[in-house]
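# Overview (structure and organization)
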Amino acid sequence: MPCYICVTCGTQYSDSEQPPVECPICEDERQYVNPNGQRWTTLDALQQNHHNVVELAEPSLYRVKSEPKIALGQSDVDTHWRTF
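From a predicted model like this one, the values you see are computed outputs, not experimental measurements. (Residues numbered from 1 in each chain as written. Predicted model: local features only at pLDDT ≥ 70, side-chain atom pairs only at ≥ 80, totals over all residues. Heavy atoms only, no water.)

Right, let's get into the overall build of the chain. Secondary structure assignment for the chain yields one helix and six strands. Its helices and strands taken in sequence order, the chain reads β-β-β-α-β-β-β from the N to the C terminus. Computed over its C-alpha atoms, the radius of gyration of the chain comes to 15 Å, more than 25% above the 12 Å expected for a compact globule of 84 residues. For the C-alpha atoms alone, the extent of the chain along its principal axes is close to 45 × 30 × 20 Å. Taking all 84 residues of the chain together, 21% fall into the buried category. Accessible surface, the chain as shown: approximately 6400 Å² in total, 48% of it carbon and sulfur. Taken together, the 6 basic and 12 acidic charged side chains of the chain have centroids lying 9 Å from each other. (Helix = DSSP H or I, 4+ residues; strand = E, 2+ residues; numbered from the N terminus. Rg over C-alpha atoms; globule rule 2.2 N^0.38 Å. Buried < 20%, exposed > 50% of the residue type's maximum accessible area, 1.4 Å probe, protein only. Areas by Shrake-Rupley, 256 points an atom, 1.4 Å probe, with all protein chains shown as cover. Lys, Arg positive; Asp, Glu negative; His and termini not counted. Charge placed at Lys NZ, Arg CZ, Asp CG, Glu CD.)

Right under this line is the structure:
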């Protein structure tokens, strides 16, 4: 069973046969809501046309991000990487 991912905020939920009825994060009144409604994807679907990029943000600080951008465009910043 797939783990569904909210296309708007990028939150991944537990595996299930069907996508969740709603995303609790996107249901918050402060959150952007897509005018076309809630949409879901899966990791398998994202892997078809997305990839991760590791880039040097500054000495000893690396950023990992997905391209093209997923959801809010989150990235991860890591330190002390010695090799790739």
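Still more to cover.
Turning to the layout of surface pockets, a few remarks are in order. In this approach a probe as big as a water molecule rolls over the atoms, and the regions it shows empty are the leftover space. By volume, the largest pocket amounts to about 380 Å³. Leu46, Asn52, Ser66, Ile70 and Gln74 are, among the 15 residues lining the largest pocket, the residues nearest its centre. Among the secondary structure elements, those contributing two or more residues to the lining of the largest pocket are α1 (43–46), β4 (51–58) and β5 (61–67). (1 Å grid on protein atoms, 1.4 Å probe; cavity = no way out; pocket = protein on both sides within 12 Å on 5 of 7 lines; lining within 4 Å. Points joined across faces, edges and corners; volume = space filled by probe spheres on them.)

Attention shifts here to the sheet that holds strand β6 (residues 75–79). What the three strands build is an open sheet, ordered β4-β5-β6; its pairing is antiparallel. The strands lining the two open edges of the sheet, one partner per strand, are β4 and β6. Between one strand and the next, the sheet's axes are offset by a mean angle of 25°, whatever the strand orientation. The pairing of β5 with β6 spans five bridges and is antiparallel. The residue of β6 that forms the bridge with tyrosine 62 is aspartate 78. (Pairing = 2+ DSSP bridges. Axes fitted to C-alpha atoms, helices over the stretch in contact; angles between N-to-C directions.)

Below, the discussion takes up the packing of aromatic side chains. A full pass over the atoms with the stated rule returns one aromatic pair. The interplanar angle of 75° and the centroid separation of 5.7 Å between the aromatic rings of tyrosine 13 and tryptophan 40 together place this pair among those described as edge-to-face. Taken together, the residues span a long stretch of sequence, with tyrosine 13 in strand β2 (residues 12–15) and tryptophan 40 in strand β3 (residues 40–42) at a distance of 27 residues. Of the two residues examined, tyrosine 13 and tryptophan 40, each falls in the buried class. (Phe/Tyr/Trp six-rings, centres within 6.5 Å; stacked < 30°, edge-to-face > 60°.)

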